[in-house]
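# Coordinate inspection notes
Here are the chains, one letter per residue:
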Amino acid sequence: MNVYDSARMADVLAPLGFLPIDDAEGADMVILNTCHIREKAAEKVYSELGRLRSLQQEKARGGGRMILAVAGCVAQAEGEEIMRRAPYVDMVFGPQSYQNLPEMVARVARAGRVLDIDFPAEPKFDRLPEVAGGTADTGPWSTFLAIQEGCDKFCTFCVVPYTRGAEYSRPAADILKEARRLVEAGAREIMLLGQNVNCYHGEAPIDGEWGLGRLVRELADVSGLERIRYTTSYPADMDDDLITAHAEVPTLMPFLHLPVQSGSDRILNAMNRRHSAEDYRTLVGRLREARPDLALSSDFIVGFPGETDADFQETLDLIDAIGFVQAYSFKYSARPGTPAVDMPDQVPENLKNGRLAELQNLLNAQQIAFNKDCKDRILPVLFDRPGRREGQLVGRSPYMQPVHATAPASLLGTIQDVYIEAGHPNSLAGVLPLSCRRPSDKRACA
Ligand code: 5AD
Ligand code: SF4
């Protein structure tokens, strides 16, 4: 979501004459778009601000001016403190305020400083310009589209309901319009975004509301859109219609990020997760019935307050039973203002470290086994960026694996059948049919 927000900030700033550049040195404006989800992410902000301050001073010595801004969830949560601790920062604004950037820049130009962390009455999407499409690193072919934001679930460890604000679903007509525009700009794949994307319940174009299943079906009719994905989902919000969409919509990709956090019901309950480990198993069974090749990814937290060895073992058992092709795992990080901070039996750091290592060993083994299993298969790959090596392109398989292949640049933005020669821990290596490897033959394979 932060990558999406950064791209949208660039869209808002473009009419003012600002263009994104790769290096902060010499820039007229630097925006740090920040994450508050774990302590480590939040800590980075102050050290990074120190470095940027030197660049700002250097620019001032040359007679120039660098506007320095802190955006995102750290700004939302600690805005006043940033204003106090870093008086050289010109603008501090939260994830629901960046549509106001033109007014903020005007105020800073008149020698003011701005703190904008109020949640607006009117959704920011209504005031954002039409998207240019794409994010800086992938070009227009695979792109994000935010359809939902915020969260009302209040998991006891999580800052999102406080920093991103209340749950909001964009009207379906706006989303369809934006999707068509993105496809016209070159998108072959759209990743629908939301903190709780599968609780989407946007206003329907005619009457009532659409859920995510209906929205996916309508998007599948957008001509030229070849792949649809969505992230991140909340297990208890997977409804029947969405599950059937996985069986019925061929362009809905067979990969689902479905965070479970823990395999222990006692811990899930303390986390206020509203699902049990058994609910999760049953749900995955139903999803796999609908789409037998569905590949799953998840998020895990180890060392939540009160987690015992037995609870942790239940998480390992769940992982064994489900089988994940990819996962993100974290040590529990106490976040100020969330209920879990005050819970008894906080788990010592050394125990958390040991559990994380064990969990990651198991998850890595599952990921490697899945990647190795892909050897000798032919997978359709959407090439969306040049590879590190000359003459190489990188794309994504349906299961989100990065796939490297020798291919002419003319195949960027196309989907090709790739023969997988090797499965590595984090990627696949493949070859194109001989006829596609020469630039002159693009038409034969595009
Ligand atoms: N500590 C550790 N991990 C967290 N996450 C969210 N809050 C915390 C926290 N306080 C993880 C969850 C979530 C992912 C985005 O970040 O696993 O799914
Ligand atoms: Fe945070 Fe996700 Fe729980 Fe919402 S559902 S509170 S975003 S972990």
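Up top you'll find the structure we're talking about.
Residues numbered from 1 in each chain as written. Chains lettered and ligands numbered in written order. Predicted model: local features only at pLDDT ≥ 70, side-chain atom pairs only at ≥ 80, totals over all residues. Heavy atoms only, no water.

This next bit is on the state of the cysteines. Taken as a whole and assessed by the stated rule, the structure comprises 0 disulfides. Sulfur of Cys35: no disulfide; nearest cysteine sulfur belongs to Cys73 and is 6.6 Å away. Its relative accessible area of 34% is what places Cys35 among the partly exposed residues. (Disulfide = S-S within 2.5 Å. Buried < 20%, exposed > 50% of the residue type's maximum accessible area, 1.4 Å probe, protein only.)

Ile147, Leu192, Leu212, Leu215, Leu219 and Tyr230 are the most contacted members of the largest nonpolar core, which totals 64 residues. Residues lining this core come from more than one domain, with at least three contributed by each of domain 2 (130-253) and domain 3 (264-373). Apart from the residues within four sequence positions on either side, Leu219 is in contact with Leu176, Ala179, Leu192, Leu225 and Ile228. Formed by 40 residues, the second largest nonpolar core is a distinct cluster that contains Met104, Phe255, Val325 and Leu379. (Core = buried A, V, L, I, M, F, W, Y, C linked by side-chain atoms within 4.5 Å. Domains from an automatic or database assignment. Contact = heavy atoms within 4.5 Å.)

With that out of the way, let us pick up helix α7 (residues 212-220). Those residues of α7 not exposed but buried are Leu212, Gly213, Leu215, Val216 and Leu219. Within α7, the buried residues cover an arc of 165° as seen down the axis, which keeps them to one side. Looking at the buried positions of α7, the neighbouring elements they touch are α6 (172-184), β8 (189-193), β10 (209-211), β11 (227-231) and α8 (240-248). (Helix = DSSP H or I, 4+ residues; strand = E, 2+ residues; numbered from the N terminus. Arc of directions from axis to C-beta.)

All right, on to the sheet that holds strand β12 (residues 255-257) then. Read across the sheet, 3 strands follow the order β12-β13-β14 without closing on themselves; strand pairing throughout is parallel. Of all the strands in the sheet, just β12 and β14 (326-331) have a single pairing partner and so form its edges. Each strand axis lies, on average, 10° off the axis of its neighbour in the sheet, ignoring direction. Pairing of strand β13 (residues 295-302) with β14, which is carried by 6 bridges, proceeds in the parallel orientation. Looking at β14, one finds that Ser297 is bridged to Gln326. (Pairing = 2+ DSSP bridges. Axes fitted to C-alpha atoms, helices over the stretch in contact; angles between N-to-C directions.)

On to the site of ligand 2. With respect to spatial proximity, the complete set of residues near ligand 2 consists of Cys151, Lys153, Phe154, Cys155, Phe157, Cys158, Val160, Pro161, Asn196, Tyr234 and Arg273. Taken together, the residues of the shell around ligand 2 sort by class into 8 nonpolar, 1 polar and 2 charged. (Near = heavy atom within 4 Å. Nonpolar A, V, L, I, M, F, W, Y, C, P; charged D, E, K, R; others polar.)

Here we come to the side chain of Gln366. Among the structural elements, Gln366 can be located in helix α12 (residues 349-373). A relative accessible area of 15% places Gln366 in the buried class. Setting aside its immediate chain neighbours within four residues, Gln366 contacts Ile319, Asp320, Gly323 and Phe324.

Here the focus is the packing of aromatic side chains. Under the criterion given, the structure shown has 6 aromatic pairs. Centroid distance Phe125 to Tyr168: 6.2 Å. Interplanar angle 15°. Geometry classified as stacked. With Phe125 in the loop between β4 (114-116) and β5 (142-146) and Tyr168 in strand β7 (residues 168-169), the pair connects residues that are 43 residues apart, well separated along the chain. Phe125 sits in the buried class, given a relative accessible area of 10%. Centre to centre, the rings of Phe157 and Phe304 are 6.4 Å apart; their planes meet at 85°, and the pair counts as edge-to-face. Of this pair, Phe157 sits in the loop between β6 (148-149) and α5 (160-163) while Phe304 is found in the loop between β13 and α11 (309-322), placing the two residues 147 residues apart along the sequence. Residue classification places Phe304 among the buried residues on the basis of a relative accessible area of 0%. Three or more aromatic residues link up through ring pairs in this structure, and these residues are Phe157, Phe304 and Tyr332. In this structure, Arg85 packs its charged tip against the face of Tyr46, placed 3.6 Å from the ring centre. (Phe/Tyr/Trp six-rings, centres within 6.5 Å; stacked < 30°, edge-to-face > 60°. Lys NZ or Arg CZ within 6 Å of the ring centre and 35° of its normal.)

Functional significance is not addressed by these values, which are geometric in nature.
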